[in-house]
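Listed below are the residues making up each chain.
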Amino acid sequence: AKELGVGFELIDCTSFTSGARSEKNFHEFILQIHKSNRPVVLAFDEIHALPEKMQDRLLTLLQSRKYSYLENGIAHVLEMPEITFIGATTDDNELREPLKDRCSNLTFTMGDYTRVQLSQILCNKFAAMGLSADDAVIARCVNRFRCSLRDIRAIVKGIYTKTVLAGTQTVTVEMAEDYFEQRGIDA
């Protein structure tokens, strides 16, 4: 969303049930996006947990950038051309086939990040914290990630604390090694 210069809306699909209240909350969420009248990235986290009826409500939105609904027996269609849709899942087998079909230009894959990708992510995380680190620091850190972004966040936060205590914005190999030794994270 930052790269596109647009708004960002995250919805945790695990919070929805098949009940009427959840359906109403989901509907109001989509209406609020429409009312904001701004380009937006819609991120549906754990989309596989979204009840089938709500997954079906996304079909027209994904296919033709329109949100359709009935209210008091009257059909409504809202244009929503300025959305970017992200559906994150750890279990794409739980997604309904029509929803997968609307995302036919996408490939559902799960895989580890490469060392190059992890290095770039780490550099970005350090930069976001106002820190700099040379290649030696990056190489020592990347070995400890186990290909997990959660590991990266935890390590960056821990090393950030070391830099604050040292009164610097430059991460050194010694700081990184000290952090890893204290946390019991081996190479």
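Preceding block: the structure.
The model shown is predicted, which means the values in this text are computed figures rather than measured ones.

Draft legend 1. Fine view of the nonpolar core. With 27 residues, the main nonpolar core has Phe-26, Leu-42, Phe-44, Ile-47, Leu-50 and Leu-58 as its most contacted residues. Ranked by residue count, the leading element in this core is helix α1 (residues 20–36), at 5 residues. When residues no more than four places from it in sequence are discounted, the contact partners of Leu-42 are Glu-9, Phe-29, Ile-33, Leu-61, Ile-83, Thr-84, Phe-85 and Ile-86. One finds Leu-122, Val-142, Val-156 and Val-171 within the second-largest nonpolar core, a separate group that totals 19 residues.

Draft legend 2. Quick peek at the pattern of salt bridges. Inspection of the entire model under this criterion finds 10 salt bridges. A salt bridge links Arg-38 to Glu-9, with the shortest nitrogen-to-oxygen separation between them at 3.0 Å. Of this pair, Arg-38 sits in the loop between α1 and β2 (40–45) while Glu-9 sits in strand β1 (residues 7–12), and the two are 29 residues apart along the sequence. The residue Asp-178 makes a salt bridge to Lys-162 at a minimum N-O spacing of 2.6 Å. Of this pair, Asp-178 sits in helix α8 (residues 173–183) while Lys-162 sits in helix α7 (residues 149–166); the two residues are 16 residues apart in sequence, bridging distant segments of the chain. The exposure class assigned to Asp-178 is partly exposed, which follows from its relative accessible area of 33%. Using a relative accessible area of 16% as the deciding quantity, one classes Lys-162 as buried. Salt bridges sharing common partners tie together Glu-52, Asp-56 and Arg-96.

Draft legend 3. Representation of the sheet that holds β1. Ordered by their spatial adjacency, 3 strands build an open sheet running β1-β2-β5, and the pairing between neighbours is parallel. Only two strands of the sheet have a single neighbouring strand rather than two, namely β1 and β5 (83–88). On average, each strand axis in the sheet is tilted by 15 degrees relative to the strand beside it, whichever way the strands run. Sheet strands touched by α1: β1 and β2. Its angle to β2, the strand with the most contacts, is close to 160 degrees.

Draft legend 4. Spotlight on the packing of helix α5 (residues 115–128) against helix α6 (residues 135–142). At a closest axis distance of 10 Å, the pairing of α5 and α6 adopts a crossing angle of 115 degrees. For the element pair α5 and α6, the recorded crossing hand is right-handed. Residues Arg-115, Leu-118, Ser-119, Leu-122, Cys-123 and Phe-126 of α5 pack against Val-137, Ile-138, Ala-139, Cys-141 and Val-142 of α6. Counted by class, the contact of α5 with α6 contains 9 nonpolar, 1 polar and 1 charged residues.

Draft legend 5. Spotlight on the side chain of Arg-144. Considering the arrangement of structural elements, one finds Arg-144 in the loop between α6 and α7. Not counting chain neighbours up to four residues away, the residues in contact with Arg-144 comprise Asp-151, Ile-155, Glu-177, Phe-180, Ile-185, Asp-186 and Ala-187.

Draft legend 6. Geometry of a positive patch on the surface. A contiguous patch of positive charge, built from Lys-125, Arg-150, Arg-153 and Lys-157, is present on the exposed surface. Examining the composition of the positive patch, we find that 3 residues originate from one element, α7, more than from any other. Structurally, the position occupied by Arg-153 is in helix α7.

Rules of the game
Residue numbering note: each chain is counted from 1, following its sequence as written. Given that the model is predicted, a residue must reach a pLDDT of at least 70 before its local features are reported, and side-chain atom pairs must reach 80 or more before they are shown or counted; all residues, however, enter totals for whole chains, interfaces and linings. Heavy atoms from the whole structure form the basis of all side-chain values; hydrogens and water molecules are not counted. Put simply, buried Ala, Val, Leu, Ile, Met, Phe, Trp, Tyr and Cys residues joined by side-chain atoms within 4.5 Å make one nonpolar core. Summary of the burial criterion: residues with accessible area below 20% of their type's maximum are buried, those above 50% are exposed, and those between are partly exposed, where the area comes from a 1.4 Å probe applied to protein chains only. Every helix listed is a DSSP run of H or I at least four residues long, and every strand listed is a run of E at least two residues long, numbered separately from the N terminus. Residue contacts are counted whenever heavy atoms from the two residues lie within 4.5 Å of one another. Criterion for a salt bridge: a side-chain nitrogen of Lys or Arg within 4 Å of a carboxyl oxygen of Asp or Glu. When DSSP finds at least two bridges between two strands, those strands are taken to pair. Think of each axis as a best-fit line through the C-alpha atoms, taken over the contacting stretch in the case of a helix, with angles from 0 to 180 degrees between the N-to-C directions. For any pair of crossing helices, the crossing counts as left-handed if the nearer helix is rotated counterclockwise from the farther one by less than a right angle, and right-handed if it is rotated clockwise. Only Asp, Glu, Lys and Arg are considered charged in this grouping, and only Ala, Val, Leu, Ile, Met, Phe, Trp, Tyr, Cys and Pro are considered nonpolar; every other residue, Gly among them, is considered polar. Candidate patch residues must exceed 30% relative accessible area and have no salt bridge, after which like charges are joined if within 9 Å and Val, Leu, Ile, Met, Phe, Trp or Tyr side chains if within 5 Å. Note that accessible areas follow from Shrake-Rupley with a 1.4 Å probe, and for residues the cover is restricted to the protein chains shown. The convention is simple: Lys and Arg are positive, Asp and Glu are negative, and His and the chain ends are not counted. Throughout, a charge is located at the NZ atom of Lys, the CZ atom of Arg, the CG atom of Asp or the CD atom of Glu.

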